[in-house]
Every structure is written in C-alpha cells, then in structure tokens.
Amino acid sequence: MGGDTPVTTSAVLMSASKHISTKCGEENRAFLNCKREDPNPEKCLAQGQKVTKCVVSLLRDLHETCPKAMDAFTKCMDYYGNEFELCRKEQANFQKACPI
C-alpha cells in the first residue's frame, strides 16, 4: 500500500468499520450478492476488487484527514483486542475528527 495508508490490520478495519459500511456499503452488498448467487470465487473477483479499492481509498482519506485520532483509536482497539467498549473515548475523538 501507499506510504500514507495504514496497514489494514483487524484493529484498523474495526476502527473504521462505521465509515466503511457507510462509504463502501454498495460495493460490499454487490460482492455479497454475487457470492450468494455463485459460490465459485472466480465469479466475484471484480466485485471483490471494487470493495478493496473502496476500503483502501477510504482508509487513505481517513489517515490523511485525521491521522492522530485514527491512530489513537486504532492503537486502543489493538491493545484491547478490538473491544469497542474499552475505547469509547478514542472512538468519540475519531468520530469528531472524521465524521461519518
């Protein structure tokens, strides 16, 4: 990935999950519908690539717009095993700095 894009660990994806569901929901639904219609993984590669492209672009934008808040939330999520309840302060700061 690019230099300013955070590594897509589970903590990064969990931290950005609300943003991902909002910004990449259409692409994700198309991918899931494809998978539901045809279990052959090759049939849904294009839809999967669109989801990946959307998420990577979104993460890059978030990292450029509010890197400190995103990093703090991600570090908390990583430290506490992706438990949102233990990172509410960091989550609030992140959502304030980068509203959905």
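An unreviewed UniProt entry lists the protein chain under the name CHCH domain-containing protein, from Riccia sorocarpa. Here is the UniProt Subcellular location (unreviewed entry) comment for the protein chain, exactly as written: "Mitochondrion". Here is the UniProt Sequence similarities (unreviewed entry) comment for the protein chain, exactly as written: "Belongs to the complex I NDUFA8 subunit family."

1. Some words on the side chain of Gln91
Mapped onto the elements of the fold, Gln91 is located in helix α6 (residues 88-97). A residue is classified by how much of its surface remains accessible, and Gln91, at 6% relative accessible area, is buried. Within polar-contact distance, the side chain of Gln91 engages the side chain of Arg88 at 2.6 Å. Once residues lying within four places of it in the same chain are set aside, the contact partners of Gln91 are Lys18, Phe73 and Phe84.

2. Here we look at the packing of helix α3 (residues 25-37) against helix α4 (residues 45-65)
Geometrically, a packed helix pair is captured by the angle between its two axes and the distance between the axes. The contact between α3 and α4 brings their axes to 8 Å, and the two run at 155 degrees. One way to sum up the angle between α3 and α4 is to call them roughly antiparallel. Note that α3 runs across α4; the crossing there is left-handed. Between α3 and α4, the contacting residues are Glu27, Asn28, Ala30, Phe31 and Cys34 on the first element and Gln47, Gly48, Lys50, Val51 and Cys54 on the second. Residue composition of the contact of α3 with α4, grouped by class: five nonpolar, three polar and two charged.

The rules behind each value
Residues numbered from 1 in each chain as written. Predicted model: local features only at pLDDT ≥ 70, side-chain atom pairs only at ≥ 80, totals over all residues. Heavy atoms only, no water. UniProt positions renumbered as here; feature names shortened; annotations may be inferred. Helix = DSSP H or I, 4+ residues; strand = E, 2+ residues; numbered from the N terminus. Buried < 20%, exposed > 50% of the residue type's maximum accessible area, 1.4 Å probe, protein only. Polar contact = N/O pair within 3.5 Å; in protein donor to acceptor, adjacent residues only side chain to side chain. Contact = heavy atoms within 4.5 Å. Axes fitted to C-alpha atoms, helices over the stretch in contact; angles between N-to-C directions. Parallel < 35°, antiparallel > 145°, perpendicular 65-115°, else oblique. Left-handed = near helix turned anticlockwise from the far one by under 90°. Nonpolar A, V, L, I, M, F, W, Y, C, P; charged D, E, K, R; others polar.

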